[in-house]
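# Breakdown of the fold
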Amino acid sequence: MSRLVTFGETALRLSPPDHERLETATDVSLHADGTESSAAVAATRLGAPAVWLSKLPDTVLGRRVVAELEQQGDGLQTQVVWDEDGRQGLQFVERGSPPRDDVTVQDRDDTALATVSTEDVRMAMVQNADVFFVSGSTPALSPTARRTTEALYRACEGTCVFDLDYQSGLWSLADAREALLSLQDAIDVLVADEEDAQAVFDRSGKARQLAHSLAAEGDFEQVVITRSGRGAVAWDDNVVHEQDAIETDVIDASGTHAGFLGGYLHQLYEDAPTEQALAYGTAAAALTRTVPGPLPTISASEVEALVETEQDRTGERSI
C-alpha cells in the first residue's frame, strides 16, 4: 500500500490559558505538538493514508502523546518504538500580545528520540513510502538523531520532503545550516518559513528570491517558502507560484505551519500540480488557526470548499 510516511519526535506542549505568563500561571493546557505528527494528522484528515514513525519513552507521558494522536481519526497509523530509558520531550509556550512576543522554552534534552537508530525504524516502510517527511526539529535533538535522519532519507525511494523548522532552543544557526547541507542531495522538496530561511542561510532576500536561490544552490525539485500571515510561494521547474494567505479569525496560530504542511503533503501524495498544492496548504493553514491547540482539526470538505471559494473570489479556474 502506498503511503505518506513522517518521522520525528512529538513533544508535549504545556501552555497557560489565554495570554497568562508561565511564571504566574496556575493552570496549563496539555497537547501533543510535533511538526511531523501534526502534518500527518492534517494529511490524513484530507484523505492521504499516513504513518508517523517515532521513538517515545514507555511512560504515561509517552503514551499520552500517542493517545492524543490516535484520537484524531482512523487515517493516521502510529508506529512507535517504546524506550525504557529516555524521557518525553516537553515545551512550555506562552502567548504574547504586542509588544510582547510569544515565548517557547524547550525541555528536550536526553529524550527517547535522541537515541533513535535505523534499527528502531521499519525501514521497508520508509523505503517504499511515496512521500517521506521530516522536520528540522528532529535532527536537532542529537548527532545520533541527525545521522539516523540522513540514513532514512537516503533509503527512501519516493519523494523526500524536509521542513527547515528552525527552533533556536534546540540548535544553533550554524548547526542547522550544516545539517541541511549534508542532507540536501537527498531532499527533493525543501519547505522553510521565510524568516527561518533568512536566518539559517544568512540571506536578506524575500520569499521569491529565496526560493530561486535555494533551488539553484541545492538542486531541489521544489522549494516552498511560507510567509506567516502572508501566504506562500513555491519554486518548481524555474517557475515561482504564489498563493496569498486567506484571512480568518485567529484563535490559536500554533498549528498553522503544520496545517499548511499537511495540505501540501496531501497534494504531493496525490501528485497534484504545485499551484494546487499551495492552494490546499494555504486553506488548511487558514482553517487550522481558527481552532485551539496545535493539531490541525480540519476536514477535507472544509478545505475543498475554502479552496473553491478563494478561486471564485480571485477569478481563477476551479480545481
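Refer to the preceding data block for the structure.
Residues numbered from 1 in each chain as written. Predicted model: local features only at pLDDT ≥ 70, side-chain atom pairs only at ≥ 80, totals over all residues. Heavy atoms only, no water.

### Some remarks on the packing of aromatic side chains
The cut-off we apply is this: Between the rings of Phe, Tyr and Trp (Trp by its six-membered ring), a pair exists once the centres lie within 6.5 Å; its type follows the angle of the planes, with under 30 degrees stacked, over 60 edge-to-face, and the other angles tilted. Secondary structure follows DSSP: runs of H or I at least 4 residues long count as helices, runs of E at least 2 residues long count as strands, and numbering of each begins at the N terminus.
A complete count under the given rule lists 3 aromatic pairs for this structure. Ring geometry for F132 versus Y153: centroids 5.3 Å apart, planes at 75°, classification edge-to-face. Here Y153 lies in helix α4 (residues 143–155) and F132 lies in strand β8 (residues 131–135), a separation of 21 residues in the sequence. Taking the centre distance of 5.9 Å and the plane angle of 25° together, the rings of F260 and Y264 count as stacked.

### Things to note about the environment of E275
Here is the rule we go by: The cut-offs for exposure are 20% and 50% of the maximum accessible area for each residue type, with area from a 1.4 Å probe on protein chains only; residues under the lower value are buried, those over the upper are exposed, and the others partly exposed.
Turning to its location among the elements, E275 is positioned in helix α9 (residues 274–288). According to the relative accessible area criterion, E275 is partly exposed, its value standing at 42%. Sequence separation of E275 and H241 is 34 residues, and the distance between their C-alpha atoms is 6.1 Å.

### Some remarks on the sheet that holds strand β9 (residues 159–163)
Where we set the bar: Strands are treated as partners if at least two bridges between them are detected by DSSP. To get an axis, fit a line to the C-alpha atoms, keeping to the stretch in contact for a helix; angles then go from 0 to 180 degrees between the N-to-C directions.
Strand order in the open sheet formed by 9 strands is β5-β4-β1-β8-β9-β10-β11-β12-β13, with mixed pairing between adjacent strands. Only two strands of the sheet have a single neighbouring strand rather than two, namely β5 (76–83) and β13 (239–243). Looking at each pair of strands side by side, their axes are set apart by 15° on average, direction ignored. Here 5 bridges tie strand β12 (residues 232–236) to β13, and the two strands are oriented antiparallel to one another. Each bridged residue has a counterpart across the sheet, and for A234 the counterpart in β13 is H241.

### Considerations on the packing of α4 against helix α5 (residues 173–183)
Applied cut-off: Geometric relationships in this document are graded by angle, where less than 35 degrees denotes roughly parallel, more than 145 denotes roughly antiparallel, 65 to 115 denotes roughly perpendicular, and other angles denote oblique. Left-handed describes a crossing whose near helix is turned anticlockwise from the far helix by less than a right angle; the clockwise case is right-handed. Any two residues whose heavy atoms approach within 4.5 Å are treated as being in contact.
At a closest axis distance of 10 Å, the pairing of α4 and α5 adopts a crossing angle of 25°. One element, α4, and the other, α5, form an angle in the roughly parallel class. In this structure, α4 crosses over α5, and the sense of that crossing is right-handed. Of α5, the residues touching α4 (which contributes R146, E150, Y153 and R154) are D175, E178, A179, S182 and L183.

### Quick word on the environment of S254
Applied cut-off: For this analysis, a polar contact is any N or O atom pair within 3.5 Å, provided that within protein one partner can donate a hydrogen and the other can accept it, and provided that sequence-adjacent residues contribute only side-chain to side-chain pairs.
The topology assignment puts S254 in the loop between β13 and α8 (256–269). What S254 contacts, discounting residues up to four positions off in sequence, is R13, R95, G293 and P294. Among the polar contacts made by the side chain of S254, one reaches the side chain of R13 at a distance of 2.9 Å. At 2.8 Å, the side chain of S254 forms a polar contact with the side chain of D252.

### Topic: unusual backbone geometry
Its identity as a non-glycine residue notwithstanding, D18 has a phi of 55°, on the positive side. Locating D18 in the fold gives a position in the loop between β2 (11–15) and β3 (29–33). With relative accessibility at 66%, the residue D18 sits in the exposed group. Phi is positive for N238, close to 65°, though the residue is something other than glycine. Inspection of the secondary structure assignment puts N238 in the loop between β12 and β13.

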